[in-house]
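Structural characterization, general
In case you want the letters, here they are:
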Amino acid sequence: MPNALPPARRAGEPGKGTMTSLSAPIEIIRPEVIEFGSGTIAAVARFARGKGVRRPLVVADAFNAARVDLLALPGEVTVFGEVKPEPDVPNLEKALGVARAARPDLVVGFGGGSAMDLAKLVAVLCTGEQKLADVVGPDKVAGRSVALVQVPTTSGTGSEGGIRALVTDPATRNKLAVQSRFMLADLAVVDPDLTMSVPPQVTAATGVDALAHCAEAFTSRKAHPTIDLYALEGIRLVGRYLGRAVKDGADREARAALSLASLYGGFCLGPVNTTAGHAVAYPLGTRHHIAHGLACAVIFPHTLAFNMPAVEAKTEAVLEALGAPATRNPAAAFDAAYKFCADLGIEMKLSALGVPADDLGAMADEAHAIRRLLDNNPRDLGRDAILKMYQTAF
Ligand SMILES: NC(=O)c1ccc[n+]([C@@H]2O[C@H](COP(=O)([O-])OP(=O)(O)OC[C@H]3O[C@@H](n4cnc5c(N)ncnc54)[C@H](O)[C@@H]3O)[C@@H](O)[C@H]2O)c1
Ligand SMILES: [Fe+2]
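As the structure is a computational prediction, the values presented were derived from the model and not from experiment. (Residues numbered from 1 in each chain as written. Chains lettered and ligands numbered in written order. Predicted model: local features only at pLDDT ≥ 70, side-chain atom pairs only at ≥ 80, totals over all residues.)

**Quick notes on helix H15 (residues 383-393)**
For H15, the full list of buried residues reads Ile386, Met389, Tyr390 and Ala393. The buried residues of H15 occupy an angular sector of 95° when the element is viewed end-on, so they sit on one face. Set apart from the buried face of H15 by more than 90 degrees, the exposed residues are Asp384 and Thr392. Summarising the contacts, the buried residues of H15 are in contact with helix H9 (276-288), helix H10 (292-307) and helix H13 (360-368). (Buried ≥ 20, exposed ≤ 12 C-beta atoms within 10 Å, placed from the backbone. Helix = DSSP H or I, 4+ residues; strand = E, 2+ residues; numbered from the N terminus. Arc of directions from axis to C-beta. Contact = placed C-beta atoms within 7 Å.)

Shown next as structure tokens:
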């Protein structure tokens, strides 16, 4: 049956390069409650008291561990405050050790994506028999018996709204992805005031991560109208406000807009997810410890332009939403996306970020093997095309 509904906007018009099908099935799951806005941090303590929580465990990076009192949690509070950026398996094991000793009835992820992802894994692995190796992949987690609250303090990953957690395996240097509805928060508290202290460089990189989630989901083979509107609005918010927040971290309106963009990016991840941009970015983090957002920013123009011939109208819509001139020319799209990132002060050269030239081939092999993302890319991306992107970005 042909689609009965007219397209909502030009960007979503069916036609060349548009994967969206109005009749494709999709399952959307979100945290049971999402609190958004200035001052909503108070909802964390309210939730804990309402549940009669006695032994909360906070999973945080060092910055947020130092201000854990802001959560005002009741009971005997344990803090694991050693979450590392881009956490690895030993970091998770350490957190699990603390959790097994504390026997929490509530786990609170308090920080950026690194803390929230570890909190998800701690919440499902701190009781029961399952180990990390048992749950890697989709739908392997058996269940969860402790409550889970997520409190983002960066604006980028949208992990608070999603069902995935990523942790690096130091042996293989791969990101292990665990996906489960049991890792969905009972409560996500998105209080933009918590992001005011994020330094400009982290603000820029995490903001482009949110942008990449939206842009990649919007142009994915799995793109869907129920998600497209969040993707486009997330891109608009980043386009309008990221420069402001980088320039002036005290700009509360910009901070709130980016918190929303990040949440919308999270809505894109669950049912649709990212594509080549993230696959090509991952080896930068796992092999060379480049922060996730920064890695995504360096790669963003390359995959956007490469994909353009397969998703022309949608790529043009991404650029328009970002506030860049509309174009159907991949080279012009590359320049516009590159300029957007570079104008934020982001270092866009792999060589300047410490990536050695002789590792580009191994990075391309590794990125090409991330089939869970590349198989949904709108245009087939071979290993040599990935290598060419790294060489151009070098
Ligand atoms: N689960 C998902 O769906 C998902 C999506 C995207 C990324 N990720 C993962 O998230 C991780 C990256 O998360 P991130 O980009 O938020 O970075 P992060 O959590 O590693 O934090 C970056 C740095 O900012 C600091 N920081 C955090 N909040 C701050 C604040 N308010 N003020 C000052 N400093 C603050 C942290 O201490 C850290 O040093 C990666 O491991 C990535 O793979 C997960
Ligand atoms: Fe990301």
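**A closer look at the domain arrangement of the protein**
How big an interface is tends to be stated in terms of accessible area lost as the parts join. Taken domain by domain, the protein holds domain 1 (33-194) and domain 2 (197-393). Taken over C-alpha atoms, the centre of domain 1 sits 25 Å from the centre of domain 2. Taken residue by residue, the interface counts 25 residues in domain 1 and 28 residues in domain 2. Mapped by element, the contributors of at least two residues to the side of domain 1 that touches domain 2 are strand E7 (164-169) and strand E8 (174-179). Element by element, the count of residues in the side of domain 1 that touches domain 2 is highest for E8, at three residues. Per-class residue counts for the side of domain 1 that touches domain 2 are seven nonpolar, 13 polar and five charged. (Domains from an automatic or database assignment. Nonpolar A, V, L, I, M, F, W, Y, C, P; charged D, E, K, R; others polar.)

**As for the site of ligand 1**
Near ligand 1 you find 30 residues, and of these Asp61, Pro85, Gly112, Gly113 and Ser114 are the closest. Mapped onto the shell around ligand 1, the elements with two or more residues apiece are helix H2 (62-65), helix H4 (113-125), E7, helix H6 (200-218) and H10. With four residues, the top contributor of residues to the shell around ligand 1 is H4. When its residues are assigned to classes, the shell around ligand 1 shows nine nonpolar, 16 polar and five charged. (Near = placed C-beta within 6 Å.)

**Section: the nonpolar core**
Core analysis: the largest hydrophobic core is formed by 133 residues, its most contacted members being Val59, Val108 and Val122. Counting contributing residues per domain, this core is built from domain 1 (33-194) and domain 2 (197-393), each supplying no fewer than three. Setting aside residues no more than four positions away along its own chain, Val59 makes contact with Phe80, Val83, Ala95, Val107, Val108, Gly109, Phe110, Ala115, Leu118, Ala119 and Val122. (Core = buried A, V, L, I, M, F, W, Y, C linked by C-beta atoms within 7 Å.)

**Quick notes on unusual backbone geometry**
One non-glycine residue, Arg103, lies in the positive phi region at around 45°. Along the chain, Arg103 turns up in the loop between helix H3 (89-102) and strand E4 (106-111). Phi is positive for Asp139, close to 60°, though the residue is something other than glycine. One can find Asp139 in the loop between strand E5 (137-138) and strand E6 (147-152). Asp139 gets classed as exposed once you count the C-beta atoms within 10 Å, which come to 11.

**Quick notes on the packing of H9 against H13**
Across the interface, H9 lies against H13 with an axial gap of 8 Å and an inter-helix angle of 125°. Taken together, the axes of H9 and H13 lie oblique to each other. Remark: the crossing between H9 and H13 carries right-handed chirality. Across the interface between the two elements, Ala279, Val280, Tyr282, Pro283 and Arg287 of H9 pack against Met363, Glu366 and Ala367 of H13. Residues belonging to the contact of H9 with H13 are distributed by class as follows: six nonpolar, no polar and two charged. (Axes fitted to C-alpha atoms, helices over the stretch in contact; angles between N-to-C directions. Parallel < 35°, antiparallel > 145°, perpendicular 65-115°, else oblique. Left-handed = near helix turned anticlockwise from the far one by under 90°.)

**Remarks on the sheet that holds E6**
If you walk across this open sheet you meet the six strands as E1-E9-E6-E4-E2-E3, and the pairing is parallel. Each end of this open sheet is capped by a strand with a single partner; those strands are strand E1 (33-36) and strand E3 (78-83). In this sheet, neighbouring strand axes are inclined to one another by 15° on average, regardless of whether the strands run parallel or antiparallel. Packing of H3 onto the sheet brings it into contact with strand E2 (56-61) and E3, and relative to E3 it is tilted by some 175°. This element, H4, spans E2, E3, E4 and E6 of the sheet and lies at about 165° to E4. (Pairing = 2+ DSSP bridges.)

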